[in-house]
Amino acid sequence: MKIFNTMSRQKEEFVPLEEGKVSIYVCGPTVYNLIHIGNARPMIVFDTFRRYLEYKGYEVNYVSNFTDVDDKIIKKANEEGVDATVISERYIQECKKDMSDMNVKPATTHPLATKEIQGMIDMIATLIDKGYAYAAEDGTVYYRTRKFAEYGKLSHKNLDDLQAGHRDIKVTGDLKEDALDFVLWKPKKEGEPYWESPWCEGRPGWHIECSVMSKKYLGDEIDIHAGGEDLIFPHHENEIAQSEAANGVPFAKYWMHNGFLNINNQKMSKSLGNFFTVRDIAEKYDLQVLRFFMLSAHYRSPLNFSADLMEAAKNGLDRIVTAATTLKRQMDATQVEAMSAEEKALFDATEDYVKKFEAAMDDDANTADAVSAVFELVKFVNTNASSDNSRMYLQLLYSRMNTLCDVLGIILEQEEELLDADVEALIQERTDAKKAKNFARADEIREELKNRGIILEDTREGVKWKRA
Ligand code: AMP
Ligand code: ZN
């Protein structure tokens, strides 16, 4: 399997540090609001990558943090007149709900920055001992960027160019030795959460959080560190400087970064105000559609969000789910149990689609091509399966579809069939809604029943229904 390593700017053969095991750290969201669909992109693409590693038999230790101490969280807490933990806990729960609805697996560990402060103090102390950091007179601790000779190796930036950029913005009264130095620990301000430390009552800088959580849950050296491409500089560059200086070993073997989710070709972001939350999308679509939309592009390419592309994703997903549902129906209807030699030959031919799928995923997690392979399998199923086939053949086709879709995090198993009593109850609710002139609800119920295979017919004798 090859993955594109941001560090070398090349696709490299993936060889884990320890055979059969993979350690991954994915930078998680800052929890001060509902996540937007740009934040959902790394969650979905790296979850899919993880599922593929598991499919290949690797034992994956997947760590993704929540940044639960930050200026934006504090600002929101002050606006609402509550403690910062009220805000962070609320949005961690909301984020976990969104993740679950997008079928993103929970991480092996979801560490919280505020629960790892002692580790941060320890790493900062080590960096000071080794001469990579210093405390200024106000208690701020800075990283001595120029001391780390390889600074810039991930983002391919040159220290002197960076210096030139910084010269204009150096603020008077700055206690840094050098404009390039960045904060590891900062003194508290009035009304902010803080922790005791050898330097001052204060809180950690953002970058040190990830270095420490990655070390604690995955070790000094990890296989893969991932996140959105906006994190390459300065966040990941600074993480490397901190971790490698403190631990004395290379930090991550591979660096993976997803491209932006754009809207009108501009990065979707809270600050620009051009965003849709995952919840906004959930009002209109099952979040499986959002997931499928994200996987229709290569994770490193920019992806422009549009209503048309979402509709295309919905149609594509429907095609897959319908083929699977039809297979299930055929399994229920068939009278034949054992597979014939001819069916066996047909089933064996579908191995080609599996090979195509794997080749796509092995090529830097090319989900777009992997999805094409699934469509080819769907086409095969649509032309080569009927209730005249044996149950075993139909079952094997279904499992093959299910295995590939599961790697993509696409759920084929539809909701349980509605019982007659459930249908009657919904029809009654629809009749009541119509009486109350709540036509929107009435239409919604008709649509829901239709999606679940129940067709309604309004007749003079009342509502009749049948299964499609
Ligand atoms: P944040 O909460 O802004 O730190 O972002 C959490 C994660 O979402 C990071 O990995 C970001 O790189 C990623 N991210 C934020 N906005 C976008 C976007 N528009 N497209 C893709 N990834 C994004
Ligand atoms: Zn991070």
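Scroll up to find the structure.
Right, let's walk through the structure included here. (Residues numbered from 1 in each chain as written. Chains lettered and ligands numbered in written order. Predicted model: local features only at pLDDT ≥ 70, side-chain atom pairs only at ≥ 80, totals over all residues. Heavy atoms only, no water.)

### Comments concerning the overall build of the protein chain
Regarding its fold elements, the protein chain presents 16 helices and 15 strands. Reported as C-alpha extents along the three principal axes, the dimensions of the protein chain are approximately 85 × 60 × 35 Å. Per-residue burial for the protein chain yields a buried fraction of 49% across its 468 residues. Of all intrachain contacts in the protein chain linking residues separated by at least 6 positions in sequence, the fraction that spans at least 24 positions is 74%. When the accessible surface of the protein chain is summed, it comes to about 22,300 Å², and 49% of that surface belongs to carbon and sulfur atoms. A distance of 3 Å separates the average location of the 60 positive side-chain charges in the protein chain from that of its 80 negative side-chain charges. (Helix = DSSP H or I, 4+ residues; strand = E, 2+ residues; numbered from the N terminus. Buried < 20%, exposed > 50% of the residue type's maximum accessible area, 1.4 Å probe, protein only. Contact = heavy atoms within 4.5 Å. Areas by Shrake-Rupley, 256 points an atom, 1.4 Å probe, with all protein chains shown as cover. Lys, Arg positive; Asp, Glu negative; His and termini not counted. Charge placed at Lys NZ, Arg CZ, Asp CG, Glu CD.)

### Concerning the coordination of the zinc ion (ligand 2)
Each donor-metal-donor angle would ideally measure 109.5 degrees in four-coordinate tetrahedral geometry, or 90 or 180 degrees in six-coordinate octahedral geometry. Around the zinc ion (ligand 2), the donor atoms from the protein are Cys27 (SG), Cys210 (SG) and His235 (NE2), and they sit 2.0 to 2.2 Å away. Along the chain, the residues donating to the zinc ion (ligand 2) fall in the pattern C-x182-C-x24-H. Here Cys27, found in the loop between strand S3 (21-26) and helix H1 (37-55), pairs with Cys210, found in helix H6 (residues 206-218); they are 183 residues apart in sequence, far enough to count as distant. Its relative accessible area of 0% is what places Cys210 among the buried residues. (Donors = N, O, S within 2.8 Å, 3.2 Å for Na, K, Ca; no water.)

### Description of the pattern of salt bridges
Considering all chains together, one arrives at 40 salt bridges under this definition. Among the salt bridges present, the one from Arg279 reaches Glu94, with a minimum N-O distance of 2.8 Å. Here Arg279, found in helix H8 (residues 278-284), pairs with Glu94, found in helix H3 (residues 84-101); they are 185 residues apart in sequence, far enough to count as distant. You can call Arg279 partly exposed: its relative accessible area is 23%. Ionic contacts of the salt-bridge type, sharing partners, join the residues Asp47, Arg51, Arg291 and Asp406 into one network. (Salt bridge = Lys/Arg side-chain N within 4 Å of Asp/Glu carboxyl O.)

### So, helix H2 (residues 71-80)
Buried within H2 are the following residues: Ile73, Ile74, Lys76 and Ala77. Viewed along the axis of H2, the buried residues span an arc of 165°, placing them on a single side of the element. Residues Lys75, Asn78 and Glu79 are exposed on H2 and point more than 90 degrees away from its buried face. Structurally, H2 contributes buried residues whose contacts are with H3 and strand S8 (202-204). Where H2 starts, the residue carrying a side-chain oxygen 2.7 Å from the main-chain nitrogen of Lys72 turns out to be Asp70. (Arc of directions from axis to C-beta. Polar contact = N/O pair within 3.5 Å; in protein donor to acceptor, adjacent residues only side chain to side chain.)

### What to know about the packing of aromatic side chains
A full pass over the atoms with the stated rule returns 13 aromatic pairs. Arranged with centres 5.8 Å apart and planes meeting at 65°, the rings of Phe251 and Trp255 form a pair that is edge-to-face. Trp255 matches Phe251 in its accessibility class, with the two residues each being buried. Measuring from ring centre to ring centre gives 6.1 Å for Phe292 and Phe375, while their planes differ by 90°; the resulting arrangement is edge-to-face. With Phe292 in helix H9 (residues 287-295) and Phe375 in helix H13 (residues 367-384), this pair connects stretches of sequence that are 83 residues apart. Of the two residues, Phe292 and Phe375, both sit in the buried class. (Phe/Tyr/Trp six-rings, centres within 6.5 Å; stacked < 30°, edge-to-face > 60°.)

### Comments concerning the site of ligand 1
Near ligand 1 lie 17 residues; those nearest to it are Gly38, Gly228, Asp230, Leu261 and Met268. Separating an oxygen atom of ligand 1 from a side-chain N or O atom of Asn39 is a distance of 3.3 Å. One nitrogen or oxygen atom from the side chain of Asp230 is found 2.4 Å from an oxygen atom belonging to ligand 1. If you list the elements that add at least two residues to the shell around ligand 1, you get H1 and strand S9 (222-228). Top element by residues in the shell around ligand 1 is H1. It accounts for three residues. (Near = heavy atom within 4 Å.)

Structural measurements only, silent on function.
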